[in-house]
Amino acid sequence: MEKKELLYEGKAKKVYRTDDPDLYIVDYKDDATAFDGLKKGSISGKGVVNNRMSNLMCQMLQKAGVPTHFVEELSDRETLVKRVKIVPLEVIVRNVAAGSFSKRFGVEEGTVLKCPTLEFCLKDDDLHDPMINGYHILALDLATQNELDVISAYTFQINKIMKEFFLSIGIELVDFKLEFGKLDDGTIILADEISPDTCRLWDSKTHEKLDKDRFRRDLGGVEEAYLEVMKRIGLN
Ligand code: C5P
């Protein structure tokens, strides 16, 4: 597989074309941003953790019947993925109140929710990724009702699988963000990383934060938290 030109550089990843028009290479960086890019920094080794953890999660989900973009891990930081057209939505699942949910609804962080919740945000940096509802999504032609139903069903299925997996390694899955994409034939697949950048992961016993909130909130021990997650999921 030949790595061709850089197609896109985001906050935490670079995407390259390959000699196969249906496959791209994702290259995970150590760069970290928060608060719409206002806070910038670097987390040493983050790219490796995020790449390897995402690939493990994708393989686990694929085995359970959730299609993902994962094709092959090429190196510690690079992965071959399927080319998709990204559905411009951030899909957020929450099991426990934290972050913007706690702020918006005045619910104390750590409050276990009666049932998991689903939120959609419009993927648009200039607009600061505003929350959007299903009617808006249909009206703006961002997805069809059927696509939304598929995305929602996969998302709850992914939450169930991930919650159980993390619990088995002493981690509480508080919330996380997913993105989906469409293959040329219209099939919806998971097309995003699953990592401590995109999940809130708390130690089940101590509730210590093992995720990007350590960077966002200047809690220190950021690299150590990412490595701890990597260790617990069995990647060394
Ligand atoms: O900030 P908020 O509480 O809405 O974040 C919910 C979850 O979504 C967190 O796990 C956070 O890491 C993730 N998220 C993300 N990328 C964003 C916004 C949120 O990965 N742009």
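Because the structure is predicted, anything quoted here is derived from the model rather than measured.

### Some details on the domain arrangement of the protein
So, point 1. Domain assignment breaks the protein into domain 1 (3–82) and domain 2 (85–232).
So, point 2. Each of domain 1 and domain 2 has a C-alpha centre, and these two points are 17 Å apart.
So, point 3. With nine residues, helix H1 (residues 46–63) is the largest single contributor of residues to the side of domain 1 that touches domain 2.
So, point 4. Here the side of domain 1 that touches domain 2 is built from residues that sort into twelve nonpolar, seven polar and four charged.

### Observations concerning the site of the ligand
So, point 1. In the vicinity of the ligand lie 14 residues, with Gly99, Ser100, Lys177, Thr198 and Arg200 positioned nearest.
So, point 2. Contributing elements (two or more residues each) for the shell around the ligand: strand S9 (89–96), helix H2 (99–105), strand S12 (171–178) and strand S15 (199–203).
So, point 3. Grouping the amino acids of the shell around the ligand by side-chain chemistry returns five nonpolar, three polar and six charged.

### Thoughts on the UniProt feature "domain: SAICAR synthetase/ADE2 N-terminal" (unreviewed entry) in the protein
So, point 1. In the UniProt entry, the feature "domain: SAICAR synthetase/ADE2 N-terminal" (unreviewed entry) is given for residues 6–232.
So, point 2. Annotated as 31% helix and 33% strand, the span residues 6–232 places its first and last C-alpha atoms 33 Å apart.

### Section: the pairing of strand S3 (residues 23–28)
So, point 1. One ladder, built from five bridges, connects strand S2 (residues 13–18) with S3; its direction is antiparallel. Residue pairing for S3: Lys14 is matched across the bridge by Asp27.
So, point 2. Here S2 folds back onto S3, and the loop between the two strands holds four residues.

Calculation notes
- Residues numbered from 1 in each chain as written.
- Predicted model: local features only at pLDDT ≥ 70, side-chain atom pairs only at ≥ 80, totals over all residues.
- Domains from an automatic or database assignment.
- Helix = DSSP H or I, 4+ residues; strand = E, 2+ residues; numbered from the N terminus.
- Nonpolar A, V, L, I, M, F, W, Y, C, P; charged D, E, K, R; others polar.
- Near = placed C-beta within 6 Å.
- UniProt positions renumbered as here; feature names shortened; annotations may be inferred.
- Pairing = 2+ DSSP bridges.

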